[in-house]
Amino acid sequence: MLTQEQNDRLTQVGPGTPMGELMRRYWHPIAGSSQLDAENPTKAVRLLGEDLVLYRDASGTLGLLEPSCPHRKASLLYGIPEPNGIRCCYHGWIMNETGRCVDQPSEPEGSRFKDKVRIKAYPVQELGGLIFAYMGPEPAPLLPRYDILVWPGTRNATSVALPCNWLQCHENSLDPVHFQWLHRYWGGWVMNRKRPPEERDEFNRATAARGAEHRRIGFELTDYGIIKRRLVGEETEDDEYWRIGHPILFPNILRVVNTLQFRVPVDDTHTIHLVYQHQHAEPGQTAQETVPFEERSVYDDDGRFRADYVLGQDQTAWAIQGPVTDRTTERLGVSDVGIIMYRRLLEEQLQIVEDGGEPMNVHRDPAKNECIVFPVEHYVYPGETETGGPFKDSRPREPDVVAELSGEGARLPAWKA
Ligand code: FES
Ligand SMILES: [Fe+2]
């Protein structure tokens, strides 16, 4: 259980809030590169409690600006792309990607008025077919070049707008046990009801293999986040699910199988779940020209949350906790040690920012940012035929938190007991 004050501190992401300030130290994906072109040059974006307009000008430069034109406040969402910025539809002023006004066609010739006009602008960068924004203090850190964003191959991305706070989405990644219930049991039940009775089976086939009972879960702190490990069913410590595990990147990204899953905080009660998928390049394959980007609804035709696919089941579980989970009345058990550890890590990093420091997983060394490769269990790395790649012989150190779900109880992290 948290106090209301603790819950607010972890969930409120607007300007000036502690979590908002922490989140502003990171780049966040806000759109697909393919969504902004000559036909569709502008897009409304809401990120960390701020409404913004993203645009691509006629020379291809991207900008992210406060939405209202500084003249008489028409929305730049209706602007026209010009080679040097976005021209307001109302009286033709042009704003560029640095937030400067570079043209005021109806002001007297020689007027320097435009040099005095500025609006809020945030840096944006493209990588792997996504557009990322940074809203924190300058100098901006490097946009992290996470493995599947930069490896050769083909990619696609989907985004789903969720009516709930970012933390309940992301805490799911520290909660391995939900797999056997949400996906296998409930998911199986949901999927079965969509089939004729004679075609129904006991469990959800898609998730049956990973839906066995969890015997042990373990979490290890790394410099980029937390590695999650689990032993289910008859698996032993030699299995990659325990030896290698997969990472939860601080503060809000899951890296699993061939995906990155970004839980992008829109505001206190809305989150974009952006799922980015990668397939390795086949020999002789030409480079992918554009990365498809699809915005999907979280609802089905009946207005209920869609639960007929694994991520839909996750998204349902996040949203049905309500706009902001009431953590003042929740009751966490031994199987929730990962969540407790992650909240402590968040609190520790909030404190670092409040004390004027730089939080974890912020990248500033170009040499270390060429391609950041993560350990992911049962995953075939580029150029390999077997799973494990650079991590195939890895043996985990003693996890910072372990829960023996078969009876011995949990141990809380030594770094903050
Ligand atoms: S309101 Fe934008 S140019 Fe006048
Ligand atoms: Fe899940």
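Parameters and conventions
Residues numbered from 1 in each chain as written. Chains lettered and ligands numbered in written order. Predicted model: local features only at pLDDT ≥ 70, side-chain atom pairs only at ≥ 80, totals over all residues. Domains from an automatic or database assignment. Contact = placed C-beta atoms within 7 Å. Nonpolar A, V, L, I, M, F, W, Y, C, P; charged D, E, K, R; others polar. Buried ≥ 20, exposed ≤ 12 C-beta atoms within 10 Å, placed from the backbone. Helix = DSSP H or I, 4+ residues; strand = E, 2+ residues; numbered from the N terminus. Pairing = 2+ DSSP bridges.

### Here we look at the domain arrangement of the protein
Accessible area lost when the parts come together is the quantity often used to give the size of an interface. Segmenting the protein into domains produces domain 1 (35–133) and domain 2 (147–416). Computed over C-alpha atoms, the centres of domain 1 and domain 2 are 36 Å apart. At the interface, nine residues of domain 1 touch 12 residues of domain 2. Split into classes, the residues belonging to the side of domain 1 that touches domain 2 amount to four nonpolar, four polar and one charged.

### Details of helix 7 (residues 310–319)
Within the span of helix 7, buried status applies to Gln 313, Asp 314, Gln 315, Ala 317, Trp 318 and Ala 319. Close packing links the buried residues of helix 7 with strand 12 (153–162), helix 4 (166–171), helix 5 (178–192) and strand 18 (270–280).

### Some remarks on the pairing of strand 1 (residues 28–32)
Of all five residues in strand 1, five are buried; the element is thus mostly enclosed. As judged from the four bridges shared by strand 1 and strand 11 (residues 130–133), these two strands associate in the antiparallel manner. Bridging across to strand 11, Gly 32 finds its partner in Leu 130.

### As for the sheet that holds strand 8 (residues 101–103)
Strand order across the open sheet formed by four strands is 5-6-7-8, with antiparallel pairing between neighbours. In the strand order of this sheet, the two ends are held by strand 5 (80–82) and strand 8, each with one partner. By the bridge criterion, two bridges tie strand 7 (residues 94–95) to strand 8 in an arrangement that is antiparallel. When the bridges of strand 8 are listed, Met 95 appears paired with Cys 101.

### Structural notes on the sheet that holds strand 4 (residues 62–65)
If you walk across this open sheet you meet the four strands as 2-3-4-9, and the pairing is antiparallel. Looking at the sheet topology across the chains shown, the edges are occupied by strand 2 (42–47) and strand 9 (121–122). Bridge count between strand 2 and strand 3 (residues 50–56): six bridges; the pairing is antiparallel. Along strand 3, the bridge assignment pairs Lys 43 with Leu 54.

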